[in-house]
Amino acid sequence: MTDWTIDGLAAAIRERKASTVEVTTECLERIGRLDRRLRAFITVDAEGALASARALDADAAAGRWRGALHGVPLAYKDLCHIRGLPTSCGTKTAEYFTAEHDATAVSRLRAAGAITLGKLNMTELALGPFGDNAHHGHADNPWRAGHLTGGSSSGSGVAVAAALALGALGTDTGGSIRLPAACCGIVGLKPTYGRVSRAGVMPLSWSNDHVGPMARTVRDAARLLQVIAGRDPRDGTSSHRAVPDYAARIDEGVSGLRVAVPENYFFHGLDDEMTAGVRAAIRLLETLGARVMELCVPDPEVMSDVCNVIARCESAAVHTRLVRERPEEIQPVVRARLELGFRIPAHDYLQALRLRARLARAFIRDVFAETDVLVAPVVPEPAPPRAHATEGDTSEIAARQGRFSRLTRPFNGLGLPALAVPCGYSRQGLPLAFQIVGRPFDEATVLRAGHAYEQSAGWHRRRPALD
Amino acid sequence: MSERMDQQVALARLAAAIERAAADLGLEEEPARFVVALEDGADREAGA
């Protein structure tokens, strides 16, 4: 089980070298054995998963293939509405969020043959970068017990890293796919704003929310993106732009690719091991033929503030009833972040929305006129101990949260595709990671660069010692 | 510092940052231009 990739398993099932029931049973067995410690899942749908697996095996026996993910067990962050399963959004309320239809991304994965193992743990309301959750138990880092997983898609990061599922969906409003991917040593892709439908997914901030894949390899992330990307009439912000074949050029390497390394902001205040890991990754890309250049990028701090104002206001609007009627149910740090949104003047919110458009245009023009991708660290340090998220007063924890997500948040405001890729391990055995950022809707180039690095570096072959 | 004071400090900092950055926003600049910025950026790449 720990050696399967989505790509490999899908091929094995099609060649009848593996059965969906066997693989699903093995995932459920691993969840039963390991999740008491890891706390990746909020809901496990063993009965539903096995019923689907039996149906898919019957289809395979009859030569009926549902799609590219026939028989692949996946799991979804617990803010995706799936009929028949509760959606807590990490809150104390089991069924906090419902929608008229299943989340479009989940529906598309199921239609392609994926098995739903269950719903994954997350930071309460997706509001926080560490992955702690007092209501459902703190997700635990598979590489080192007692360390944070990153969030808010904490369970997605843990489930994939621990081989409880072959892939997962996360959402990213300020880094919530890339942070847990980085902390858990897996791949996470925040696609371009509008590339993947958010219909049926709890909103946190309409202007910054992105749904995206999390997987063990870049190729697997590409395969999931291929299924979920594209226009959805249920999400008015989803793009009409055609979806390319992401696998078509993924093996073409990085020879001649122009890679920008930001001189400002992104390497300031970084842990030494993280700096060394990311710099080594950049050198490897250069060895592989990329043309690496240093570049001063438009100040990401401004975009970060803009993104923050927009996110605070929109999240306060979305969760008004919970805050007004049941504030005692919300964890103090989460409540403080929500309450801030009620006190930001409408004028500032609107100015932030206007500024965002200008800043995005300037960033795309200044950075991508000369380069194809930008590379930067994802997190300032390897996954910190859990106390980082749970000890101290609200303002101390909020300040740590701000520092931890400062490298990811600007790209939510900018709406650009950003891929987190593992790039080594610290002396404590915790994952290091970098992100590859591309032009709008150019996920194909981002994935190609990530795949070339990953295959050469080989970090994706390492597994946490859980068995 | 109380939680209320912390919030006031955070609010004041954010408001000042937005006011500084928005000082020379043109009258024609409106939120919907964000999607246009993304589409234009992608089109430039396609034409490159």
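The structure contained in this document is the topic of the report that follows. (Residues numbered from 1 in each chain as written. Chains lettered and ligands numbered in written order. Predicted model: local features only at pLDDT ≥ 70, side-chain atom pairs only at ≥ 80, totals over all residues. Heavy atoms only, no water.)

**What to know about the overall build of chain A**
Thought 1: On a plain count of helices and strands, chain A comes out with 16 helices and 11 strands.
Thought 2: In terms of overall size, chain A behaves like a compact globule, its C-alpha atoms giving a radius of gyration of 20 Å where 467 residues would be expected to give roughly 23 Å.
Thought 3: Relative to its 467 residues, chain A shows a buried fraction of 64%.
Thought 4: Counted over contacts in chain A with a minimum sequence separation of 6, partners at least 24 positions apart contribute 78%.
Thought 5: Accessible area of chain A: about 15,500 Å², with a carbon and sulfur share of 49%. (Helix = DSSP H or I, 4+ residues; strand = E, 2+ residues; numbered from the N terminus. Rg over C-alpha atoms; globule rule 2.2 N^0.38 Å. Buried < 20%, exposed > 50% of the residue type's maximum accessible area, 1.4 Å probe, protein only. Contact = heavy atoms within 4.5 Å. Areas by Shrake-Rupley, 256 points an atom, 1.4 Å probe, with all protein chains shown as cover.)

**A closer look at the interface of chain B and chain A**
Thought 1: Between chain B and chain A, the contact holds 33 residues from the first and 37 residues from the second.
Thought 2: Regarding the contact of chain B and chain A, the summed buried area is about 3,100 Å², with carbon and sulfur atoms giving 59% of it.
Thought 3: On the chain B side of the interface with chain A, the three residues burying the most area are Ile18, Phe34 and Leu38 of chain B, jointly 21% of the side's total.
Thought 4: The interface formed by chain B and chain A includes five salt bridges.
Thought 5: With a shortest N-O distance of 2.7 Å, arginine 13 of chain B and aspartate 305 of chain A are connected by a salt bridge.
Thought 6: One can count 10 residue pairs in polar contact (both at pLDDT 80 or more) joining chain B with chain A.
Thought 7: Those elements that provide at least two residues to the side of chain B that touches chain A are helix 1 (3-21) and helix 2 (33-47) of chain B. (Buried area = accessible area lost by both parts, 1.4 Å probe. Salt bridge = Lys/Arg side-chain N within 4 Å of Asp/Glu carboxyl O. Polar contact = N/O pair within 3.5 Å; in protein donor to acceptor, adjacent residues only side chain to side chain.)

**Some thoughts on the packing of helix 12 (residues 346-368) of chain A against helix 1 of chain B**
Thought 1: Where helix 12 of chain A meets helix 1 of chain B, the axes come as close as 10 Å, and the angle between the chain directions of the two elements is 50°. Here helix 1 of chain B runs oblique to helix 12 of chain A, going by the angle between their axes. The chirality of how helix 12 of chain A crosses helix 1 of chain B is left-handed. Contacts between helix 12 of chain A and helix 1 of chain B involve Asp348, Gln351, Ala352, Leu355 and Arg358 of chain A from the former and Ala15, Ile18 and Ala21 of chain B from the latter. (Axes fitted to C-alpha atoms, helices over the stretch in contact; angles between N-to-C directions. Parallel < 35°, antiparallel > 145°, perpendicular 65-115°, else oblique. Left-handed = near helix turned anticlockwise from the far one by under 90°.)

**Topic: the nonpolar core**
General note: in soluble globular proteins, nonpolar side chains tend to be found buried as a group.
Residue and element names in this part refer to chain A.
Thought 1: If you look at the biggest cluster of nonpolar residues, it comprises 163 residues, and the most contacted ones within it are Leu69, Leu109 and Phe434.
Thought 2: A per-element tally of this core places helix 12 first, with 10 residues.
Thought 3: Other than its neighbours up to four places away in sequence, leucine 69 contacts Ile6, Leu74, Leu109, Ala112, Gly113, Ala114, Arg223, Leu224 and Val227. (Core = buried A, V, L, I, M, F, W, Y, C linked by side-chain atoms within 4.5 Å.)

**Regarding the state of the cysteines**
All names here are of chain A.
Thought 1: Within this structure, the stated rule accounts for zero disulfides over all chains.
Thought 2: No disulfide involves cysteine 313; its sulfur sits 12 Å from that of cysteine 307, the nearest cysteine.
Thought 3: Residue cysteine 313 is classed as buried on the basis of its relative accessible area, which comes to 12%.
Thought 4: Not engaged in a disulfide, the cysteine cysteine 423 finds its nearest cysteine sulfur in cysteine 183; these two sulfurs lie 12 Å apart.
Thought 5: When its relative accessible area of 4% is taken as the criterion, cysteine 423 is described as buried. (Disulfide = S-S within 2.5 Å.)

**Observations regarding the layout of surface pockets**
Thought 1: A volume near 780 Å³ is recorded for the largest pocket.
Thought 2: Lining the largest pocket are 26 residues, and of these Asn308, Ala398, Ala399 and Gly402 of chain A together with Ala10 of chain B lie nearest its centre.
Thought 3: Those elements that place two or more of their residues in the lining of the largest pocket are helix 9 (300-318), helix 11 (332-342) and helix 14 (394-404) of chain A together with helix 1 of chain B.
Thought 4: Taken together, the residues of the lining of the largest pocket break down into nine nonpolar, seven polar and 10 charged. (1 Å grid on protein atoms, 1.4 Å probe; cavity = no way out; pocket = protein on both sides within 12 Å on 5 of 7 lines; lining within 4 Å. Points joined across faces, edges and corners; volume = space filled by probe spheres on them. Nonpolar A, V, L, I, M, F, W, Y, C, P; charged D, E, K, R; others polar.)

**Regarding unusual backbone geometry**
Trans is the common state for peptide bonds, and a negative phi is the common state for residues other than glycine.
All names here are of chain A.
Thought 1: For the peptide bond that leads from glycine 151 to serine 152, omega is 15°, which places it in the cis range.
Thought 2: Although it is not a glycine, leucine 125 sits at a positive phi angle of roughly 60°.
Thought 3: Using a relative accessible area of 0% as the deciding quantity, one classes leucine 125 as buried.
Thought 4: At phenylalanine 441, a residue that is not glycine, the phi angle is positive and equals roughly 65°.
Thought 5: Inspection of the secondary structure puts phenylalanine 441 in the loop between strand 11 (431-438) and helix 16 (443-457).

**Looking at the environment of alanine 457 of chain A**
Residues and elements named next belong to chain A.
Thought 1: Take alanine 457: it is sitting in helix 16.
Thought 2: Among the residues examined, alanine 457 registers a relative accessible area of 26% and is labelled partly exposed.
Thought 3: Residues alanine 457 and leucine 284 lie 173 residues apart in sequence; the distance between their C-alpha atoms is 7.9 Å.

**A look at the sheet that holds strand 9 (residues 373-377) of chain A**
Residue and element names in this part refer to chain A.
Thought 1: Spatially, the 11 strands line up as an open sheet ordered 1-3-2-4-6-5-10-11-9-7-8, and their pairing is mixed. Each edge of the open sheet is held by one strand with a lone partner, namely strand 1 (41-44) and strand 8 (291-295). If you compare each strand with its neighbour and ignore which way they point, the axes differ by 30° on average.
Thought 2: Pairing of strand 4 (residues 167-172) with strand 6 (residues 210-215) involves six bridges; the strand directions are antiparallel. Following the sheet pairing, threonine 171 is matched in strand 6 by valine 211.
Thought 3: Strands in contact with helix 3 (residues 46-61) are strand 1 and strand 3 (115-120); relative to strand 3, the strand with the most contacts, it is inclined by about 160°.
Thought 4: Contacts between helix 5 (residues 154-161) and the sheet are confined to strand 1, strand 2 (73-77), strand 3, strand 4 and strand 6, with strand 4 contributing the most and set at about 155° to the helix. (Pairing = 2+ DSSP bridges.)

**Overview of the pattern of salt bridges**
Thought 1: Inspection of the entire model under this criterion finds 29 salt bridges over all chains.
Thought 2: Here aspartate 59 of chain A makes a salt bridge to arginine 66 of chain A, at a shortest N to O gap of 2.7 Å.
Thought 3: Of the charged contacts, one joins arginine 241 of chain A and glutamate 39 of chain B as a salt bridge, the two residues approaching to 2.5 Å between their closest N and O atoms. Of this pair, arginine 241 of chain A sits in the loop between helix 7 (218-228) and strand 7 (258-262) while glutamate 39 of chain B sits in helix 2, each in a different chain.
Thought 4: Glutamate 39 of chain B gets classed as partly exposed once you look at its relative accessible area, which sits at 24%.
Thought 5: Salt bridges here are not isolated pairs; linked through shared partners, they connect Asp7, Arg219, Arg223 and Asp251 of chain A.

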